[in-house]
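Results of the structural survey
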Amino acid sequence: MNAAELRFHNLTLGYERHPAVHHLDGAAEKGSLLAVVGPNGAGKSTLFKGVVGSLKPLAGSIERNGVDARDIAYLPQIAEIDRSFPISVYDMVAMGLWNRKGVFGSIGGKDQHAIEAAIAAVGLTGFEQRAIGTLSGGQMQRMLFARLLLQDTRMIVLDEPFTAIDAKTSADLLDLVRRWHREKRTVLAALHDIDLVKANFPQTLLLAREPVAWGPTKDVLSADNLAKARRMCEAFDESAEACVAAA
Amino acid sequence: MVTRRTFLQSGFATLISSPAAAQNASSKKLKAIASISIIGDLVHNVGGERVEVTALVGPNGDAHVYSPSPGDARKLAAAAVVFINGLGLEGWMTRLVAASGAKAPIVAVSKGIAPRRMEDEDKSGRTAIDPHAWQSVANAKIYVTNIRDGLAGMDPSGKAIYATIATAYLAELDRLEREVRAAIARIPPDRRKIITTHDAFGYFGDAYGMTFIAPEGAATEAEPSAKDVATIIAQIKKQKIPAVFMENVTDPRMMQEIAKESGARIGGTLYSDALSAADGPAATYIDMMRHNIGEFTKALIG
Amino acid sequence: MLYAVLFAPFIEFEFMRRALVGIFALALGAPPVGVFLMLRRMSLIGDAMAHAILPGAAIGFLVAGLSLFAMAGGGLAAGFLIAVGAGLIARATPLKEDASLAAFFLISLALGVTLVSVKGNNVDLLHFLFGSVLAIDDLALMLIAGIATVSLIVLALIWRPLVLECVDAGFLRSVSRSGGPAHIAFLALVVMNLVGGFQALGTLLAVGIMMLPAITARFWARDITTMIGVAVGCATISGYVGLLISFHADLPSGPAIILAAGTLYALSVVFGPVGGLIWLAMPRRHLEA
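What you see is a predicted model, and the numbers here were worked out from it, not measured in a lab. (Residues numbered from 1 in each chain as written. Chains lettered and ligands numbered in written order. Predicted model: local features only at pLDDT ≥ 70, side-chain atom pairs only at ≥ 80, totals over all residues.)

1. Section: the packing of helix α2 (residues 37–47) of chain B against helix α5 (residues 137–154) of chain B
Residues and elements named next belong to chain B. Direction vectors running N to C along α2 and α5 enclose 60°, while the axes themselves pass 10 Å from each other. Here α2 is positioned oblique relative to α5, judged by the angle of their axes. For the crossing formed where α2 meets α5, the hand is right-handed. Residues Leu42, Val43, Val46 and Gly47 of α2 lie in contact with α5, whose contacting residues are Tyr143, Val144, Ile147, Arg148 and Leu151. (Axes fitted to C-alpha atoms, helices over the stretch in contact; angles between N-to-C directions. Helix = DSSP H or I, 4+ residues; strand = E, 2+ residues; numbered from the N terminus. Parallel < 35°, antiparallel > 145°, perpendicular 65-115°, else oblique. Left-handed = near helix turned anticlockwise from the far one by under 90°. Contact = placed C-beta atoms within 7 Å.)

Written out as structure tokens, the structure is:
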């Protein structure tokens, strides 16, 4: 039995006191491949922000067993990348070496090979000197995956990595996810495509602000559960009272 | 019936009121207006206690561009006599007099001096009369006699007093003139030239043998060009001018730079068109001349 | 003949040599900072800063009179406070950098005007504080040279976090805490270059040499290192040509230099390889692949 790498204790995360994730309990084991599924506004992105430490819980806690925030590679849903900035694909991917090189570490021959290998692994060989502003959506996503590869972390958190991406790119990048799973890294991915989840992810958390179900995918993604999740209210209730279960 | 008490009372009343009467008589000073502070000082030195003089263009003011205020018009209307320089200095005076409805006579104190000509301000090649006659002490003495006569004309009962005071002051001016000549004599003849933006020293130069040179180029402007700076440096070097007095260069560092590269000394502040404030180094005409000549000698003597 | 036009003015006159050295020093330290400012959409900060330092200069004046040292020091302190304060607020609140800076500089300017009028003096403080390229004394020269050196060193040190902060701040936050300090250090460089530049060379030159070559470089480079190189080159050329024009054509020097830089800019807008307008008018045949 693998030790739990990530554990949520009665976790509530939100913005300006409105809960986006409400009373979540559970654990993700080390090396697991977990899909987080739910309708829009279900709190998936919020949960991931909590996991990587950029959002403090309103109540409850997140326990990371021996995993420092630096050990987590995070791909946000909408990367706030300034595409007009004059930087090449190569230099952008190279930033993935940060946790080993820091501000001043120099990039040697071995590092250069690693960068090139990462670029090749995502199928962007030949794009090294292209400015990032010239990339298509799919190419941009590949580049960001290459950076994740290079980060070489224990845990990888992906927020809707395949949304608005063409099928070929999705398939290629999914291969990488599987590779990470084989390398015993813990992978969390927020996804919309139920079929993709059923085909590739052994564990699923069905979230509709409150957890609906968490466990093996085929159990979680039953018709009943999906219907229950859809009934969840999406908007914050401005007239809501203080939550009595908060403790 | 006139009683002893009435006598006493009226005697008493007269006793009390006589100091007041005496005071009233002496507080009836002659009100005079002078156009510029320099003339104001001269009038003060001639009129003494009998005259209350106000200068329209005060210390550090610029008579060439002065724009009179309504307060000035009121002062003019209340004045008994007005002293101006003349020679074209106070272009604004005629309009002011007309506007104020003043009935006071206007005395041009430069009457009788020998005017010199100077190059016109717009450098068009035309010349105009140089109004800054007071820069020669001899001319200042003529100013003083004109002022004395002007005051006597308005206040005949004080004629003798004015004459006495004026004579004493003229003697001081004589002493000043000797000082000026002695100071100039101490400056080596080949060093008796300076650059200054003041164009008011023409009479001084003619009277005492100094050359005042206007700076070439517009290095005094707010935004000089490199050519301007180069021109004045070249001018100083070529004409071997020992000192530069250019207070209206807005950037003192520019001054330092020009001085360093050309080898000229930087001179201090000169007062030519107006006196300084009362606590300044040139609060009276005599102080002004002494101050200027002090600055010249400081900069030019070895 | 060419010698007389191109070199003689500098050989003959010391003030021209000093001006050239001063401009070259500024051209080395300021444009790299300007490139980052442009990329972060802070191109107008120079103008804002010129006004924002007024209260600092005013306090310096109130304390020590017309002392260049006190006023420049006050201006520098005010500049730092404003830049860093605006930066910190932009990071911690929903406000963006430009709004935060605008708020600070407006308040600062009003404060400065109030302080100056309280003393009852209408001495044009800022005018006194600002220098001119034709009047660089030894102190000013050392100041700009020092600033250029410090700028280059600091930029080299904060290069990585600075670039990453511009392009993908979220990623930087996730791997490092150096984003904040790098940002502050960068703002400090901006203030130093601007206030030092004002003091030594005047506002027009300091801001102009910082921004105009950087903006011009946009049309010549696709990566930031080349962009910085081009910006430095443009600044240097503009300085040299501008001084010559001021000398031969009798034009004010600061504006001449900036107009030279402006000409380079105009030419680049039309003919620059990256996005120049002429390529819109005359598209070349597309490549095989």
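2. Details of the domain arrangement of chain B
Residues and elements named next belong to chain B. Partitioning chain B into structural domains gives domain 1 (26–180) and domain 2 (187–300). Relative to domain 2, the C-alpha centre of domain 1 lies at a distance of 26 Å. Of all the elements in the fold, those that place two or more residues in the side of domain 1 that touches domain 2 are α2, α5 and α6 (159–186). In terms of residue class, the side of domain 1 that touches domain 2 is made up of 13 nonpolar, seven polar and six charged. (Domains from an automatic or database assignment. Nonpolar A, V, L, I, M, F, W, Y, C, P; charged D, E, K, R; others polar.)

3. Concerning the sheet that holds strand β1 (residues 4–15) of chain A
Residues and elements named next belong to chain A. Ordered in space as β2-β1-β4, the three strands form an open sheet in which the pairing is antiparallel. What marks the edges here is a single partner per strand, and that holds for β2 (18–29) and β4 (59–64). On average, each strand axis in the sheet is inclined to that of its neighbour by 15°, with strand direction left out of account. Most of the contacts of helix α1 (residues 44–52) go to β1, to which it runs at about 120°, and overall it touches β1, β2 and β4. (Pairing = 2+ DSSP bridges.)

4. Quick notes on the interface of chain C and chain B
Between chain C and chain B, the contact holds 17 residues from the first and 14 residues from the second. Going through the elements one at a time, α3 (14–39), α13 (224–248) and α14 (253–271) of chain C are the ones with two or more residues in the side of chain C that touches chain B. Taken together, the residues of the side of chain C that touches chain B break down into nine nonpolar, five polar and three charged.

5. A few points about the sheet that holds strand β10 (residues 265–266) of chain B
Residue and element names in this part refer to chain B. Sheet architecture is open: four strands sit in the order β8-β7-β9-β10, paired in parallel fashion. Each having just a single partner strand, β8 (211–213) and β10 make up the two edges of the open sheet. Sheet topology note: the strand β7 (residues 193–196)/strand β9 (residues 243–245) ladder contains three bridges and is parallel. Across the sheet, residue Ile194 finds its bridge partner in β9, namely Ala243.

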